[in-house]
Amino acid sequence: MTTRLSLMLAASSLLLATPALAEEEGLTPEKVAAIQRDEAAAQAKVNEEFGNRKPSEMSNAERGQSIRAQQKEGAKVMEKHGVSAKEFATFTARMTPEDNQRVANEAKRLDDKAKAEKEAEAKKRKGDGEVHIQQGFSDSDPVELESADGAEPSVDVDGSLDSSAGAPTVEIGDTAGTTKGMSRKSSKRRK
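This section reports on the structure supplied with the text.

Parameters and conventions
- Residues numbered from 1 in each chain as written.
- Predicted model: local features only at pLDDT ≥ 70, side-chain atom pairs only at ≥ 80, totals over all residues.
- Heavy atoms only, no water.
- Helix = DSSP H or I, 4+ residues; strand = E, 2+ residues; numbered from the N terminus.
- Buried < 20%, exposed > 50% of the residue type's maximum accessible area, 1.4 Å probe, protein only.
- Contact = heavy atoms within 4.5 Å.
- Core = buried A, V, L, I, M, F, W, Y, C linked by side-chain atoms within 4.5 Å.
- Expected span 1.5 Å × (residues − 1).
- Salt bridge = Lys/Arg side-chain N within 4 Å of Asp/Glu carboxyl O.
- Axes fitted to C-alpha atoms, helices over the stretch in contact; angles between N-to-C directions.
- Parallel < 35°, antiparallel > 145°, perpendicular 65-115°, else oblique.
- Left-handed = near helix turned anticlockwise from the far one by under 90°.
- Nonpolar A, V, L, I, M, F, W, Y, C, P; charged D, E, K, R; others polar.

Some thoughts on the overall build of the protein
- Looking only at helices and strands, the protein has 5 helices and 2 strands in total.
- Along its sequence from the N terminus, the protein presents helices and strands in the succession α-α-α-α-α-β-β.
- Counting only residues that meet the buried cut, the protein has 15% of its 191 residues in that class.
- The contacts of the protein with a sequence gap of at least 6 include a subset with a gap of at least 24, amounting to 55%.

Okay, here's the thing in structure tokens:
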């Protein structure tokens with residue numbers, strides 16, 4: 001073999017091995033979908049900062065700021081995933097139709113996952129819609145705060161919380177400032 005032929009074979013093997021090396025480094029169609037999703041979210045954030053206006057509705061200075069902000073956010077996304085823009089572009093350009101289908105499937109899965117998480121968070125914030133009212137803390141309806149297994153239930157009632165032990169009387173007046181003949185006993189003492 002001539003040296004020229006051996007060099008060409010070595011160079012072609014390096015060129016053909018590039019997609020395999022990119023996958024070994026962690027760039028897969030699934031990761032491409034995640035990068036594209038993050039990049040779209042970053043671009044939407046920048047567009048929102050500039051009022052979601054079309055470029056034709058912006059001045060030249062605003063358009064330039066918008067473009068620079070989009071490039072900066074895109075670079076942050078690439079850095080977050082540990083991929084250079086060149087590697088990403090090369091890998092996406094060389095993807096096969098099967099890889100493109102894997103990207104589409106992964107994007108759909110990520111969308112469904114985000115939607116499910118959002119619904120779970122909303123449900124968690126909303127709760128089950130029921131308000132649980134605890135009755136107790138009196139002699140007639142006690143609540144046991146601490147107990148040992150197999151021990152007799154015991155309730156300690158603080159005498160200062162007893163409403164019949166000389167609690168002050170509070171009169172309730174209407175909006176005009178006149179007082180009604182009603183009185184109400186307060187169950188709390190002032191300190």
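Description of the nonpolar core
- If you look at the biggest cluster of nonpolar residues, it comprises 12 residues: Leu-27, Val-32, Ala-33, Ile-35, Ala-42, Val-77, Met-78, Val-83, Phe-88, Phe-91, Met-95 and Val-103.
- Elements represented by at least two residues in this core include exactly helix H2 (29-49), helix H3 (60-81) and helix H4 (85-93).
- Looking at this core element by element, the count peaks at 4 residues for H2.
- Beyond its immediate sequence surroundings of up to four residues, Ala-42 is in contact with Glu-73 and Val-77.

Examining H3
- With 22 residues, H3 ought to run about 32 Å at 1.5 Å a step, and its terminal C-alpha atoms sit 32 Å apart, in line with that.
- For H3, the full list of buried residues reads Gly-64, Ser-66, Ala-69, Glu-73, Gly-74, Val-77, Met-78 and His-81.
- Contacts from the buried residues of H3 go to H2 and H4.
- Gly-82 sits one or two positions beyond H3 and adopts a positive phi of about 70°.

A closer look at the pattern of salt bridges
- Evaluated as defined, the whole model comprises 10 salt bridges.
- Of the charged contacts, one joins Glu-62 and Arg-53 as a salt bridge, the two residues approaching to 3.1 Å between their closest N and O atoms.
- Taking relative accessible area as the criterion, Arg-53 reaches 33% and is therefore assigned partly exposed.
- Glu-121 is paired through a salt bridge with Arg-125; the nearest N and O atoms lie 3.7 Å apart. Placement of both Glu-121 and Arg-125 in helix H5 (residues 97-126) is noted, with a separation of 4 residues, approximately one turn of the helix.
- Glu-121 gets classed as partly exposed once you look at its relative accessible area, which sits at 38%.

Looking at H5
- Taking 1.5 Å of rise per residue, the 30 residues of H5 would be expected to cover 44 Å, and the 43 Å separating its terminal C-alpha atoms lies within 8% of that figure.
- Buried positions along H5 lie against H2.

What to know about unusual backbone geometry
- Despite not being glycine, Asn-52 has its phi angle at roughly 50°, a positive value.
- For Asn-52, the position within the fold is in the loop between H2 and H3.

Regarding the packing of H2 against H3
- Where H2 contacts H3, the two axes come as close as 9 Å, and the packing angle between them is 150°. Accordingly, the angle class assigned to the pair H2 and H3 is roughly antiparallel. The interaxial crossing formed by H2 with H3 has right-handed handedness. In this structure, H2 uses Lys-31, Ala-34, Ile-35, Asp-38, Glu-39, Ala-42, Gln-43, Lys-45, Val-46 and Asn-47 to contact H3, whose residues at the interface are Ser-66, Ala-69, Gln-70, Glu-73, Gly-74, Val-77, Met-78, Lys-80 and His-81.
- Classifying every residue of the contact of H2 with H3 by side-chain character gives 7 nonpolar, 6 polar and 6 charged.

Section: the environment of Gly-82
- If you trace the backbone, Gly-82 turns up in the loop between H3 and H4.
- Distance from Gly-82 to Gly-26, taken between C-alpha atoms, is 8.9 Å for residues 56 residues apart in sequence.

Take it as geometry only, folks, not as evidence of what the structure does.
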